[in-house]
Amino acid sequence: MSRYGLLAALVASVILSVGSATAQEQPVRGAPAIEAPAAPPAPVAPAVAPPQPANQPNATLPGETGLSTAMESTLPHDLSPWGMFMAADIIVKAVMIGLAFASLVTWTIWLAKSLEIFGGKLRIRRAVRAIGDAATLSQASRALDRSGGPGALLVRAAEEETALSAGALDHVSGDGLKERVTSRLSRIEAAASRRMSRGTGVLATIGSTAPFVGLFGTVWGIMNAFIGISQAQTTNLAVVAPGIAEALLATAMGLVAAIPAVVVYNVFARSIAGYRQILADASAGVERLVSRDLDFRTVGPATALAAE
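No experiment lies behind these values; they were computed from the predicted model shown.

S.K.: Help me understand the packing of helix H6 (residues 150-164) against helix H7 (residues 175-197), please; the structure alone is not making it clear to me.
M.R.: Relative placement of two packed helices is described by the angle separating their axes and the distance separating the axes. The N-to-C vectors of H6 and H7 enclose an angle of 155°; their axes lie 9 Å apart at closest approach. Comparing the axis directions of H6 and H7 gives the class roughly antiparallel. The two elements H6 and H7 cross, and the hand of that crossing is right-handed. Contacts between H6 and H7 pair Pro150, Leu153, Leu154, Ala157, Ala158, Glu160, Glu161 and Thr162 from the former with Leu177, Arg180, Val181, Arg184, Leu185, Ile188, Ala192 and Arg195 from the latter. Here the residues of the contact of H6 with H7 are counted per class, giving ten nonpolar, one polar and five charged.

S.K.: It is not clear to me how the confidence of the model for the chain should be interpreted in this structure. Could you clarify?
M.R.: Low pLDDT means the predicted atomic positions in that stretch should not be read closely. Looking at the chain, pLDDT values average 76 and 65% of them are 70 or higher. Here helix H2 (residues 62-74) stands out as the element of the chain with the lowest mean pLDDT, 45, in contrast to helix H4 (residues 90-133), whose mean of 92 is the highest. Across residues 25-76, confidence stays below pLDDT 50; counting only partners more than four residues off in sequence or on other chains, it has 20 contacts.

S.K.: How do you make sense of H6 when you look at a structure like this?
M.R.: In an α-helix, one full turn covers 3.6 residues, which means residues spaced three or four apart are oriented alike. An ideal rise of 1.5 Å per residue puts 21 Å on 15 residues; H6 measures up with 21 Å between its terminal C-alpha atoms. For H6, the full list of buried residues reads Pro150, Gly151, Ala152, Leu154, Val155, Ala157, Ala158 and Glu161.

S.K.: Please explain the environment of Val181 as it appears in this structure.
M.R.: Tracing the chain through its elements places Val181 in helix H7. Considered as a pair, Val181 and Ala157 are 24 residues apart in the sequence and their alpha carbons are 7.5 Å apart. Each residue touching Val181, except ones within four places of it in the same chain, is listed here: Ala158, Glu161 and Val290.

S.K.: What is the right way to look at a positive patch on the surface in this model?
M.R.: A surface patch of like charges, here positive, comprises Arg123, Arg187, Arg194, Arg195 and Arg198. No other element matches the three residues that H7 contributes to the positive patch. Mapped onto the fold, Arg198 is located in the loop between H7 and helix H8 (200-232). The class for Arg198 is exposed, based on a relative accessible area of 57%.

S.K.: I keep staring at the environment of Ala269 and nothing clicks. Help me out?
M.R.: By secondary structure assignment, the location of Ala269 is in helix H9 (residues 237-296). On the basis of relative accessible area, Ala269 is assigned to the partly exposed category, the value being 39%. Between the C-alpha atoms of Ala269 and Thr200, which are 69 residues apart in sequence, the distance is 8.1 Å.

S.K.: Please explain the side chain of Ser103 as it appears in this structure.
M.R.: Along the chain, Ser103 turns up in helix H4. Judged by relative accessible area, Ser103 falls into the buried class, the value being 14%. Discounting chain neighbours no more than four positions away, the residues touching Ser103 are Val256 and Ala257.

Rules of the game
Starting from 1, residues in each chain are numbered consecutively following that chain's sequence as written. A pLDDT threshold of at least 70 governs which residues receive local features in this predicted model, and a stricter bar of 80 or more applies before side-chain atom pairs are shown or counted, although totals over entire chains, interfaces and linings include all residues. Excluded from the side-chain calculations are hydrogens and water; all other atoms, namely the structure's heavy atoms, are used. Structural elements are reduced to axes, namely lines fitted to C-alpha atoms, with helices fitted over the stretch in contact, and the angle between N-to-C directions of any two is expressed from 0 to 180 degrees. Strands are runs of DSSP state E lasting at least two residues, helices are runs of H or I lasting at least four, and both sets are numbered from the N terminus onward. Working definition: roughly parallel below 35 degrees, roughly antiparallel above 145 degrees, roughly perpendicular at 65 to 115 degrees, and oblique for all remaining angles. By the definition used in this description, the sense in which the near helix is turned from the far one sets the handedness, with an anticlockwise turn below a right angle giving left-handed and a clockwise turn giving right-handed. Residue contacts are defined here by distance: any two heavy atoms, one from each residue, within 4.5 Å place the two residues in contact. Each residue gets one of three labels, nonpolar for Ala, Val, Leu, Ile, Met, Phe, Trp, Tyr, Cys and Pro, charged for Asp, Glu, Lys and Arg, and polar for the others, Gly among them. pLDDT gives the predictor's per-residue confidence on a scale running from 0 to 100. Expected helix span is given by 1.5 Å per residue-to-residue step, counting one fewer step than there are residues. Type-normalised accessible area, obtained with a 1.4 Å probe on protein chains alone, sets the label of each residue: buried when under 20%, exposed when over 50%, and partly exposed for intermediate values. Two distance rules govern patches: like charges are joined within 9 Å, and nonpolar side chains (Val, Leu, Ile, Met, Phe, Trp, Tyr) within 5 Å, applied only to residues with over 30% relative accessible area and no salt bridge. Accessible surface area values rest on a Shrake-Rupley calculation with a 1.4 Å probe, where residue burial reflects the displayed protein chains alone. Here, a salt bridge means any side-chain nitrogen of Lys or Arg that lies within 4 Å of a carboxyl oxygen of Asp or Glu. Lys and Arg are tallied as positive, Asp and Glu as negative. Neither His nor the chain termini are counted. One atom stands in for each charge, and that atom is NZ of Lys, CZ of Arg, CG of Asp or CD of Glu.

Pasting the structure below:
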């Protein structure tokens, strides 16, 4: 073999060795990198929302949100008695003002009538003691000369009737005089009882009608509240509560006016009945004095003077 053929064989062997080495490195360089395992996908929320607990308010519909917000911005949030009164309807306001005036009348009558009954009982008890201590009608008249009240009127009426019948007593019996005195005393008793009962009829009227007047205000207020609910197209408690609270305030004021009126009326009825009983005792005492004076007319003047 020549020198040129040996050199060509050496070059060919070098080229083959370099090509084999390149072929072995090519898969290592071109192999894809190992990726990290991907995270599991997040769970998808269910399409249907879970049921709300019973103690949470119902959610409003999307279309009601703006209307409810607008209504709540105009609704009164001051639920004090004065705030509810100022926010109430004109009819409900008139009912509340009327009931407040009725309550004022009740307490005014209670104060005035309590003083009147106390003073009347005090005067008539003094008259009963004076009439009981007197032996004749003239003695009772002198004892009650400076005092007023029905007791003094009873004694004066008996004296006047006795004086008017003095000329006929010598010829007739005293039964006619007793009947006339009894008639005049009964009229004085009736007048004193009517005067003492004055004002109690107003208490009876207030006690019987105030709850119904308050109920009228409540019905009117609740009717307006339902009208507001229908206009708002929502049953949200913030929309319903103020109107119903204003309506119930009318009922509360009706009870505040009625309950004291009924209690005071019953107290006055018992007190006036006791006053009439004391007045009847005074009238009976005067009748006894008239009867005693008639009996002493049949005896001598000296016996009559001794009795005085």
